[in-house]
Amino acid sequence: MSAKLERLSQTLRNVFGETLQSLVLDCGEVTIEVTAADYLKVARTLRDHVDLHFEQLVDISGLDFSTYGNSPWKGKRFASAAHLLSVRHNWRVRLRAFADDDAFPVLDSVCDVWPSANWNEREAFDLYGIMYVGHPDLRRILTDYGFVGHPFRKDFPVSGYVEMRYDPEQGRVVYQPVTIEPRENTPRIVREENYGDVGHG
Amino acid sequence: MAEIRNYTINFGPQHPSAHGVLRMVLELDGEVVERADPHIGLLHRGTEKLAETRTWVQSVPYMDRLDYVSMMCNEHAYCMAIERLLGVQVPERAQYIRVMFDEVTRILNHLLNIGTHGLDIGAMTMVLYTFREREDLMDVYEAVSGARMHAAYYRPGGVYRDLPDRMPKYEVNKFRNDKVVRDLNAARDGSLLDFLEDFTNRFPAYCDEYETLLTDNRIWKQRTVGIGVVSPEQALAWGFTGPMLRGSGVAWDLRKKQPYEVYDRMDFDIPIGKNGDCYDRYLCRMEEMRQSNRIIKQCIDWLRKNPGPVITDNHKVAPPSREDMKANMEELIHHFKLFTEGIHVPKGEAYAAIEHPKGEFGVYAVSDGANKPYRLKLRAPGFAHLAAMDDMARGHMIADVVAIIGTMDVVFGEIDR
């Protein structure tokens with residue numbers, strides 16, 4: 001398997017050269033990172049190049065790195081990671097691009113390259129507020145009609161801002177600010193490296 | 001001259017054939033669908049966000065509730081992603097147990113799909129037959145995990161416990177007399193493996209029964225042959241996986257192509273369709289159940305002969321045994337740390353995909369080294385399938401929309417997440 005991954009990463013290096021910001025081989029997976037400007041071009045080459053031939057887009061996932069490692073994040077905040085699969089060559093790659101502007105993240109849409117990107121990009125837009133330029137129908141998909149905000153951003157509380165209930169007096173459903181107290185049973189902890197490695201356990 | 005207008009109708013979310021909470025806005029020209037716009041998210045619970053606030057192990061039961069007809073497969077992908085990040089080896093016996101239960105789950109899922117698909121398009125009897133067998137398999141779930149559906153049986157590093165030596169039994173009550181109960185319990189005297197083996201011996205005959213009811217059924221064929229035809233190129237472009245892809249003639253199955261656990265030691269075949277219509281996909285699912293049956297038999301044989309541990313002995317990942325915990329200070333510390341703080345997963349990202357009954361179910365986990373996931377993305381096969389609804393339904397009659405929803409095997413737990 002690893003010889004195949006070597007071959008894949010070599011091909012990727014040959015085809016893209018300087019365009020690649022980074023190429024990481026970890027956990028038996030290849031991750032390539034490109035700039036937002038190159039994103040669409042790289043996607044097209046990944047699909048059409050005869051030695052790569054990623055004909056299937058499996059998934060697109062929005063990412064918000066703002067609290068990564070429980071510490072302030074220095075780089076760009078929003079990214080979009082696409083998982084690609086080549087049925088012909090039987091290999092996978094992860095393509096990631098960071099959006100340049102944190103306040104208004106914009107990336108190119110890959111809908112023209114892979115039609116299956118349509119809903120995945122709608123989802124990333126809905127949950128993270130990443131704008132995909134060239135998307136034919138960028139509507140919200142998972143959240144409620146008329147929902148405000150992008151719930152998967154790290155600064156959005158888990159319980160949200162509004163709750164809905166049936167008001168018997170008004171005889172209809174009303175929205176009101178949430179009444180749930182936020183609570184955390186197990187705190188989120190990032191331990192230093194080699195934590196608990198005392199040599200005898 | 002009369003004015004001709006297109007009709008727009010709402011299909012669902014309360015429609016019984018919407019398989020849950022699908023709301024679809026259909027634009028109709030007479031009875032022909034011009035455009036289908038599925039509205040999803042009515043069952044959105046934010047599982048991925050919730051998982052970010054729970055420790056890694058606490059999220060295992062959430063996975064059951066994604067695709068709530070193939071519970072253990074979801075857990076499997078999730079545990080595999082964590083194991084890949086941790087670099088933990090799963091004991092061989094646990095791998096066999098996982099494969100066996102994945103296949104039990106596949107049969108459970110396909111039985112539900114074929115039964116309800118039949119129900120949707122006029123074959124009322126199917127569901128009665130398929131749910132009879134589902135009951136047996138649910139009992140297997142119950143015996144091993146204590147829950148009929150939401151098992152939470154797989155854990156990072158293995159499975160929660162070894163297979164039980166006894167099966168739960170029926171009891172006499174005012175509806176069931178002594179004789180009935182004795183017949184029902186006939187196969188339940190032995191261990192879980194005995195019961196499952198008995199089931200695998202009975203199951204091919206049941207499959208023949210289903211085939212008698214459907215495969216040559218004139219009405220069933222009228223409703224499914226030539227409906228929702230997808231070419232192999234389209235299927236790949238739309239991100240189809242599983243029976244939806246194989247029905248179009250692409251021989252792609254992760255169990256064969258990118259084998260995980262012990263699938264490379266199993267002897268089984270991958271059925272593919274020819275025409276890419278609803279009928280071919282139905283035939284694929286039928287054959288897959290028979291193949292799953294074969295795999296289960298092979299797993300039972302191996303599991304009988306090879307006892308061993310079922311969860312990793314790395315106590316930074318899996319808890320130590322109760323006895324060790326009480327006798328050994330080191331293990332007590334491990335136990336305490338695991339149950340208060342949870343597993344720490346090293347920095348990195350992993351995408352683990354399995355051949356879920358519906359297609360490729362993937363878990364993309366990003367960890368920053370904490371005791372909770374930094375980001376968890378669940379790749380649901382039904383999401384990609386439903387996204388192609390517009391293209392698949394266009395030009396079909398409104399009644400065929402129901403057949404297409406049925407063949408997609410949508411479950412909203414996983415699509416809305």
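First, a word on scope: everything that follows refers to the structure included in this document. (Residues numbered from 1 in each chain as written. Chains lettered and ligands numbered in written order. Predicted model: local features only at pLDDT ≥ 70, side-chain atom pairs only at ≥ 80, totals over all residues. Heavy atoms only, no water.)

## Some remarks on the nonpolar core
Met100 and Phe101 of chain B are the most contacted members of the largest nonpolar core, which totals 175 residues. Non-local contacts of Phe101 of chain B, meaning those with residues more than four positions away in its chain, are made with Met72, Val140, Tyr141, Val144, Tyr153, Tyr154 and Leu163 of chain B. (Core = buried A, V, L, I, M, F, W, Y, C linked by side-chain atoms within 4.5 Å. Buried < 20%, exposed > 50% of the residue type's maximum accessible area, 1.4 Å probe, protein only. Contact = heavy atoms within 4.5 Å.)

## Brief notes about the pairing of strand β5 (residues 91-98) of chain A
Successive side chains on a regular strand alternate, one facing one side of the sheet and the next facing the other. Residue and element names in this part refer to chain A. Extensive coverage of β5 is indicated by the burial of eight of its eight residues. Burial of β5 is two-sided: the residues Trp91, Val93, Leu95 and Ala97 facing one way and the residues Arg92, Arg94, Arg96 and Phe98 facing the other way are all buried. When strand β2 (residues 29-34) meets β5, the two strands line up parallel, connected through four bridges. When the sheet's bridge partners are listed, Val34 is paired in β5 with Ala97. (Helix = DSSP H or I, 4+ residues; strand = E, 2+ residues; numbered from the N terminus. Pairing = 2+ DSSP bridges.)

## Focus on empty space enclosed by the protein
As enumerated under the stated definition, the model contains one cavity of 30 Å³ or more in all. As for the largest cavity, its lining consists of Val58, Asp59 and Asn120 of chain A together with Lys377, Leu378, Arg379, Ala380, Phe383, Ala384 and Arg417 of chain B. For the lining of the largest cavity, the element with the highest residue contribution is strand β8 (residues 375-379) of chain B, accounting for three residues. Of the residues assigned to the lining of the largest cavity, the class counts are five nonpolar, one polar and four charged. (1 Å grid on protein atoms, 1.4 Å probe; cavity = no way out; pocket = protein on both sides within 12 Å on 5 of 7 lines; lining within 4 Å. Points joined across faces, edges and corners; volume = space filled by probe spheres on them. Nonpolar A, V, L, I, M, F, W, Y, C, P; charged D, E, K, R; others polar.)

## So, the sheet that holds strand β2 (residues 23-29) of chain B
Residues and elements named next belong to chain B. An order of β1-β2-β3 is seen for the three strands of this open sheet, with the pairing classed as antiparallel. The sheet terminates laterally at β1 (7-11) and β3 (32-39), the two strands that pair on one side only. For this sheet, the mean inter-axis angle between neighbouring strands, taken without regard to orientation, is 20 degrees. Across the sheet, helix α17 (residues 398-408) lies against β1, β2 and β3, angled at about 145 degrees from β2, the strand it touches most. (Axes fitted to C-alpha atoms, helices over the stretch in contact; angles between N-to-C directions.)

## Comments concerning the packing of helix α7 (residues 192-214) of chain B against helix α12 (residues 278-305) of chain B
Any two packed helices are characterised by the angle at which their axes cross and by the distance between the axes. All names here are of chain B. Orientation of α7 relative to α12, taken along the N-to-C sense of each, is 165 degrees, at an axis distance of 10 Å. As far as their axial angle goes, α12 and α7 are roughly antiparallel. Of the two possible hands of crossing, α7 and α12 adopt the one that is left-handed. For the contact of α7 with α12, the per-class residue count stands at 13 nonpolar, three polar and seven charged. (Parallel < 35°, antiparallel > 145°, perpendicular 65-115°, else oblique. Left-handed = near helix turned anticlockwise from the far one by under 90°.)

## Focus on unusual backbone geometry
Residues and elements named next belong to chain A. One non-glycine residue with positive phi stands out, namely His53, at about 55 degrees. Checked against the element boundaries, His53 lands in the loop between α2 (39-48) and β3 (56-64). Notably, Asn70 is not glycine yet its phi reads approximately 55 degrees, a positive angle. Following the sequence through the fold, Asn70 ends up in the loop between β3 and β4 (78-86).

## Section: the environment of Leu137 of chain B
Residue and element names in this part refer to chain B. With respect to the helices and strands, the residue Leu137 is situated in helix α5 (residues 126-145). Of the residues examined, Leu137 reaches a relative accessible area of 1% and is grouped as buried. In this structure, the C-alpha to C-alpha distance between Leu137 and Phe199, residues 62 residues apart in sequence, is 8.5 Å. Sequence-distant contacts of Leu137, defined by excluding residues within four places in its chain, comprise Val104, Ile107, Leu108, Leu196 and Phe199.

## Observations concerning the pattern of salt bridges
Residues and elements named next belong to chain B. Following the criterion strictly, the structure yields 53 salt bridges over all chains and no others. The shortest N-O distance in the salt bridge between Arg202 and Asp136 comes to 3.1 Å. On the criterion of sequence distance, the pair formed by Arg202 in helix α7 and Asp136 in helix α5 is long-range, its members being 66 residues apart. Residue classification places Asp136 among the buried residues on the basis of a relative accessible area of 13%. A cluster of three or more residues bridged by salt bridges with shared partners is formed by Glu103, Arg106, Arg246, Asp253, Arg255, Glu288 and Glu355. (Salt bridge = Lys/Arg side-chain N within 4 Å of Asp/Glu carboxyl O.)

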